[in-house]
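These are the residues of each chain, in order.
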Amino acid sequence: MTVSTLLVLPLALAVLNGWTPRGLRGRRLSVRPYAWAFLCLYAVMPLNAVPRMIDAPSGAVMACTGLGFGFVVAAAMCFLRAERTSRRMNSRATS
């Protein structure tokens, strides 16, 4: 969990605060949904790990796992939104 925090969280928070990776500067609108998707995927990690680490009852572990699936769906929706935004921007650039 520590490695994922060091790799995923700073990048997503930096993008949401206005920083854009060098290769994506022309697609600024499609970068923010990617950051939200990575934050949603990051939220799944503690939801799955913490209840097991504190030896929570199985009902609580299952509830957190179910909530984690909700975050995975939200991440997928963010990825789809980023793709649509990127396609829309590319079609405007070629027109």
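Above this text sits the structure in question.
Conventions used here
- Residues numbered from 1 in each chain as written.
- Predicted model: local features only at pLDDT ≥ 70, side-chain atom pairs only at ≥ 80, totals over all residues.
- Heavy atoms only, no water.
- Core = buried A, V, L, I, M, F, W, Y, C linked by side-chain atoms within 4.5 Å.
- Buried < 20%, exposed > 50% of the residue type's maximum accessible area, 1.4 Å probe, protein only.
- Helix = DSSP H or I, 4+ residues; strand = E, 2+ residues; numbered from the N terminus.
- Contact = heavy atoms within 4.5 Å.
- Phe/Tyr/Trp six-rings, centres within 6.5 Å; stacked < 30°, edge-to-face > 60°.
- Salt bridge = Lys/Arg side-chain N within 4 Å of Asp/Glu carboxyl O.

Draft legend 1. Representation of the nonpolar core in the model. By size, the foremost hydrophobic cluster in this structure holds six residues: Ala12, Val15, Leu16, Val31, Ala35 and Leu39. Elements with a minimum of two residues in this core: α2 (9-16) and α3 (28-53). In this structure alanine 12 touches Ala35, Phe38 and Leu39, once residues within four positions along its chain are discounted.

Draft legend 2. Up close: the packing of aromatic side chains. This structure, assessed with the given rule, holds two aromatic pairs. Taken together, a centroid distance of 5.9 Å and an interplanar angle of 90° make the contact between phenylalanine 38 and phenylalanine 79 edge-to-face. Of this pair, phenylalanine 38 sits in helix α3 while phenylalanine 79 sits in helix α4 (residues 58-94); the two residues are 41 residues apart in sequence, bridging distant segments of the chain. Among the residues examined, phenylalanine 38 registers a relative accessible area of 37% and is labelled partly exposed. Linked through ring pairs, Tyr34, Phe38 and Phe79 together constitute an aromatic cluster.

Draft legend 3. Just unusual backbone geometry, in detail. One non-glycine residue with positive phi stands out, namely aspartate 55, at about 55°. Counting through the fold element by element, aspartate 55 comes out in the loop between α3 and α4.

Draft legend 4. How the structure looks around the pattern of salt bridges. Tallying each qualifying case throughout the model produces one salt bridge. Close ionic contact of glutamate 83 with arginine 87 constitutes a salt bridge, the shortest N to O distance being 3.0 Å. In this pair, glutamate 83 and arginine 87 are both assigned in helix α4, four residues apart and thus about one turn of the helix distant.

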